[in-house]
Amino acid sequence: MARAEMGARAVLRELAGADCPTCEAGTLVRERYKGNRAVVCDECETPRAQVWR
Ligand SMILES: [Zn+2]
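Source: prediction; values computed, not measured. (Residues numbered from 1 in each chain as written. Predicted model: local features only at pLDDT ≥ 70, side-chain atom pairs only at ≥ 80, totals over all residues.)

1. Side note on unusual backbone geometry
Filter applied, for reference: Working definition: helices are DSSP H or I runs of at least four residues, strands are E runs of at least two. Numbering for both runs from the N terminus. Using C-beta atoms placed from the backbone, we call a residue buried if 20 or more other C-beta atoms fall within 10 Å of its own, exposed if 12 or fewer do, and partly exposed for counts in between.
Its identity as a non-glycine residue notwithstanding, E24 has a phi of 60°, on the positive side. If you trace the backbone, E24 turns up in the loop between α1 (2–15) and β1 (28–33). When the 10 C-beta atoms within 10 Å are taken as the criterion, E24 is described as exposed. One non-glycine residue, K34, lies in positive phi territory at about 50°. The residue K34 is located in the loop between β1 and β2 (36–41) in this model. Under the C-beta neighbour-count criterion, K34 is labelled exposed, with 8 such atoms within 10 Å.

2. Considering the sheet that holds strand β3 (residues 47–51)
For clarity, the cut-off: When DSSP finds two or more bridges between two strands, those strands count as paired. For helices, the axis comes from a line fit to the C-alpha atoms of the stretch in contact; other axes are also lines fit to C-alpha atoms, and the angle between any two N-to-C directions lies between 0 and 180 degrees.
A sheet is described by the order of its strands in space; here three strands give the open sequence β1-β2-β3, paired in antiparallel fashion. One side of each edge strand has no neighbouring strand; the edge strands of this open sheet are β1 and β3. Strand-to-strand twist of the sheet, defined as the mean angle between neighbouring strand axes without regard to direction, takes the value 25°. Sheet analysis places β2 next to β3, joined by four bridges and oriented antiparallel. Note on β3: the bridge partner recorded for V40 is P47.

3. As for the environment of A4
Mapped onto the fold, A4 is located in helix α1. Accessibility expressed as a C-beta count within 10 Å gives 9 for A4, which makes it exposed. Distance from A4 to R30, taken between C-alpha atoms, is 19 Å for residues 26 residues apart in sequence.

4. Here we look at the pairing of β2
Where β1 lies against β2, six bridges are found, and the strand directions are antiparallel. Bridging from a neighbouring strand, E31 pairs with A38 of β2. Counted along the chain from β1 to the antiparallel partner β2, the turn is two residues long, and its residue K34 has a positive phi close to 50°.

So, in structure tokens, the structure goes:
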């Protein structure tokens, strides 16, 4: 359980700052999405990953 949570956090950390693969203009930023921690594009707001808890 703890290991899975750490893995999810690592995914968020790795995705943050990457180029958005959907609109190619935006950058992925760490945000909250529907109450979950997530990585979301700052242009098109497409969530790329989120951590459910
Ligand atoms: Zn985008």
